[in-house]
Amino acid sequence: MYSQTVSSAPISQSELARQLFKMTWPMLFGVLSLLSFQLVDSAFIGQLGVLPLAAQGFTLPMQMVIIGLQVGLGIATTSLISRVLGANEPERAKQLGGLVVITGGIGVFAICWLIWLLRGPVLNLLDAPLNVYPVIDAYWPVWLGSSWTGAMLYFAYSLCRANGNTMLPGIMMVVTSILNMLLDPLFIFTFDMGLVGAAWATIVAFGIGMLAVFPLVIKRHWMSFQFEGLDIPASIKELGNIMAPAMLSQLLPPLSSMFATKLVASFGAATVAAWALGSRLEFFSIVVVLALTMSMPPMVGRMLGEKDIHRIKALVNISIKFLLGWQLAVAAVLFIASPYLAELLTSEESVRSVLLIHLTWVPISLGSLGICMLMVSICNALALPMRALLISGLRLFICFLPMLWIGIQLLGLNGLFIGAMVGNFAAGIMAWVLYQQGINVAIRKYCTE
């Protein structure tokens, strides 16, 4: 027999909502700042010419591998440490924090070094033209350094979130993004360093972030390198059990995107351009979802450590209701503003007409897509990484891509976007069903008496 909660305190919906808001709003501004920095960074690099843009394009697949590792470890960090804190083991939580930083630092460094050593075969596999090789030889050492610096800062943010603090990472994400945007033109144009200057700007900005965050993490006792009493191999294995599926989950969207782009390309370049613009708008439209996927896992993990399943269910229900209402409002705004947005984003009539179709059908389904993304994060927080991976895989390869293909076959160009809408709705329903099953698995696994 098991008990679904060991807490005798009554569940206050308003108190949970306040906690959720307090944890989420710093992440919201942090995510917005990161998105803005990436757009500005791309705009500056776009002024450098074809070869730097090509070099950055061939960098993206390698960047996905590094980001997959750091995000996977970050998810494992949040899940495990928050659960340990909920079980009232603060010393072990500190030790795990130190272990994460050491493991992540060594792991990302090894991946970066391997990418550099194998750059020739990798570029050959990607069919990179020979005139790009010199640019990459100059750019990749500094870019890999910026990737390592960014990963280390991300691990520090993960420790903050695992300990229930989203304010510090939220503020520092804004600060480092603004700093990066200010340094970009200085390094790229004033110092005449070109593409390499963009990577140096990132190293400086993230390096300053590390110097600011890590001392605070140590001061607040969220990290320790004193490992007496900690079973290091078992702890690394526990981190790996969550990290590996989470890493794989990060690599699925790019693969799905390749297949989707191939389907879209059958309608011509204008449709591909409209699809890319619409996808970028979608990313900004679900920024609240992205913030929730960062703020909720530490809350859920701690409640799981406390064996307080009732509060987990209440928290998830609150977030779902808010998410659906918010995304419905966003969809209404996008629908009303679609003619003006299309005019603003492109001067090509052929692209504008396709983008209008996109904005007519897809935004209404982003709430359901948000539920799916949130359930992936919740399942990771519930220490059910394989279920989270299953949800990600089913969303992309059972719900989304097949619906695109079916929509195209039945309705042509309009069917492409109707298929995307239906696929998002199906993904949300599927994710909710799998979460409901998963919460019962978590009860049996962690809340037995």
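Since the model is a prediction, treat every value here as computed from it, not as a measurement.

Student: In this structure, what is going on with the overall build of the chain? I would like to understand it.
Tutor: The helix and strand tally for the chain stands at 14 helices and zero strands. Computed over C-alpha atoms, the radius of gyration of the chain comes to 22 Å, within 12% of the 22 Å expected from 2.2 N^0.38 for 449 residues, which places it in the range of a compact globule. Its C-alpha atoms put the chain at 65 × 50 × 35 Å along the principal axes. Here the chain holds 449 residues, and 53% of them are scored as buried. For the chain, the proportion of contacts with a sequence separation of at least 24, taken over those separated by at least 6, is 83%. For the chain, the exposed surface amounts to about 19700 Å²; the carbon and sulfur share of it is 70%. Each charge class in the chain was averaged separately, 22 positive and 18 negative side chains, and the resulting centres sit 10 Å apart.

Student: Just checking my understanding: could you explain the packing of aromatic side chains for this structure?
Tutor: To describe a pair of aromatic rings, one takes the distance between the centres and the angle between the planes. Applying the stated rule across the entire model yields seven aromatic pairs. Arranged with centres 6.0 Å apart and planes meeting at 65°, the rings of F44 and F189 form a pair that is edge-to-face. Of this pair, F44 sits in helix α1 (residues 13–46) while F189 sits in helix α6 (residues 167–190), and the two are 145 residues apart along the sequence. Relative accessible area serves as the criterion here: at 17%, F44 is assigned to the buried category. Of the residues examined, F189 reaches a relative accessible area of 34% and is grouped as partly exposed. Plain terms: the ring middles of W432 and Y435 are 5.3 Å apart, the flat faces sit at 40° to each other, and that makes the pair tilted. Taken as a pair, W432 and Y435 lie in helix α14 (residues 385–446) at a separation of three residues, close to a single helical turn.

Student: Would you mind going over the packing of helix α11 (residues 309–345) against helix α12 (residues 349–361) with me for this structure?
Tutor: Where α11 contacts α12, the axes come no closer than 9 Å and their chain directions differ by 150°. Taken together, the axes of α11 and α12 are roughly antiparallel relative to one another. Here α11 and α12 pass one another in a crossing that is right-handed. Side by side, α11 and α12 meet where F335, S338, P339, L341, A342, E343 and L345 of the first sit next to R352, L355, L356, L359 and T360 of the second.

Student: Which parts of the structure should I look at to understand the side chain of T149?
Tutor: Mapping T149 onto the fold places it in helix α5 (residues 133–162). Residues within four places of T149 in sequence aside, it is in contact with I203, F206, G207 and M210.

Student: Can you walk me through the packing of α1 against helix α9 (residues 269–285) in this structure?
Tutor: Each pair of packed helices can be summarised by the angle the axes make with each other and by the distance between the axes. Following both chains from N to C, one finds α1 and α9 inclined at 155°, their axes separated by 10 Å at the closest point. As summarised for this structure, α1 and α9 are arranged roughly antiparallel, according to the angle between their axes. Touching L32, L35 and L39 of α1 are R280, F283 and F284, all from α9. Of the residues that constitute the contact of α1 with α9, the class distribution is five nonpolar, no polar and one charged.

Student: Which parts of the structure should I look at to understand the side chain of S377?
Tutor: Locating S377 in the fold gives a position in helix α13 (residues 366–381). With near-sequence residues (within four places) excluded, S377 lies in contact with T293 and P297.

Student: What is the right way to read the confidence of the model for the chain from this model?
Tutor: A low pLDDT score tells you not to read the predicted coordinates there in detail. With 97% of its residues at a pLDDT of 70 or more, the chain shows a mean pLDDT of 91. In the model, residues 1–9 has pLDDT below 50 throughout and makes 23 contacts with residues more than four positions away in sequence or in other chains.

Student: Please clarify how the layout of surface pockets should be interpreted in this entry.
Tutor: Size it by volume and the second largest pocket reaches roughly 310 Å³. Taken together, 14 residues line the second largest pocket, and the ones lying closest to its centre are Q19, M23, G164, M299 and R302. Elements that contribute at least two residues to the lining of the second largest pocket include exactly α1 and α10 (287–305). In the lining of the second largest pocket, the residues fall into six nonpolar, four polar and four charged. Summarising the domain contributions, the lining of the second largest pocket has at least three residues from each of domain 1 (33–230) and domain 2 (251–448).

Student: So what exactly am I meant to see when it comes to the pattern of salt bridges here?
Tutor: Side chains that differ in charge, positive against negative, can pair when their charged atoms come close. This structure, assessed with the given rule, holds seven salt bridges. Taking the shortest distance from any N to any O, the salt bridge between R18 and E15 comes out at 2.8 Å. Of this pair, R18 and E15 both sit in helix α1, three residues apart, which is roughly one turn of the helix. By sharing partners, the salt bridges in this structure join R83, R92 and E238 into a single network.

Student: Would you mind showing me how to read empty space enclosed by the protein here?
Tutor: This structure, assessed with the given rule, holds one cavity of 30 Å³ or more. As a volume, the largest cavity reaches approximately 40 Å³. Along the walls of the largest cavity sit G278, L281, E282, S285, L334, H358, L359, P363 and L366, which together make up its complete lining. The element contributing the most residues to the lining of the largest cavity is α9, with four residues. Its residues assigned to classes, the lining of the largest cavity shows five nonpolar, three polar and one charged.

Student: Mind showing me how you'd approach the state of the cysteines here?
Tutor: Here a disulfide denotes a covalent bond joining the sulfur atom of one cysteine to the sulfur atom of another. Applying the stated criterion across every chain, the model contains zero disulfides. Left unpaired, C399 is separated from the closest cysteine sulfur, that of C372, by 7.2 Å.

Student: I tried to follow the nonpolar core on my own but got confused; where do I start?
Tutor: As a rule of thumb, soluble globular proteins bury nonpolar side chains together. In this structure, M375 and L382 are the most contacted members of the largest nonpolar core, which totals 138 residues. Top element by residues in this core is α14. It accounts for 18 residues. When we break this core down by domain, the ones giving at least three residues each are domain 1 (33–230) and domain 2 (251–448). With near-sequence residues (within four places) excluded, L382 lies in contact with V300, L304, I312, Y435, I439, A442 and Y446.

Each value, and the rule that gives it
Residues numbered from 1 in each chain as written. Predicted model: local features only at pLDDT ≥ 70, side-chain atom pairs only at ≥ 80, totals over all residues. Heavy atoms only, no water. Helix = DSSP H or I, 4+ residues; strand = E, 2+ residues; numbered from the N terminus. Rg over C-alpha atoms; globule rule 2.2 N^0.38 Å. Buried < 20%, exposed > 50% of the residue type's maximum accessible area, 1.4 Å probe, protein only. Contact = heavy atoms within 4.5 Å. Areas by Shrake-Rupley, 256 points an atom, 1.4 Å probe, with all protein chains shown as cover. Lys, Arg positive; Asp, Glu negative; His and termini not counted. Charge placed at Lys NZ, Arg CZ, Asp CG, Glu CD. Phe/Tyr/Trp six-rings, centres within 6.5 Å; stacked < 30°, edge-to-face > 60°. Axes fitted to C-alpha atoms, helices over the stretch in contact; angles between N-to-C directions. Parallel < 35°, antiparallel > 145°, perpendicular 65-115°, else oblique. Left-handed = near helix turned anticlockwise from the far one by under 90°. Nonpolar A, V, L, I, M, F, W, Y, C, P; charged D, E, K, R; others polar. pLDDT = per-residue confidence, 0-100. 1 Å grid on protein atoms, 1.4 Å probe; cavity = no way out; pocket = protein on both sides within 12 Å on 5 of 7 lines; lining within 4 Å. Points joined across faces, edges and corners; volume = space filled by probe spheres on them. Domains from an automatic or database assignment. Salt bridge = Lys/Arg side-chain N within 4 Å of Asp/Glu carboxyl O. Disulfide = S-S within 2.5 Å. Core = buried A, V, L, I, M, F, W, Y, C linked by side-chain atoms within 4.5 Å.

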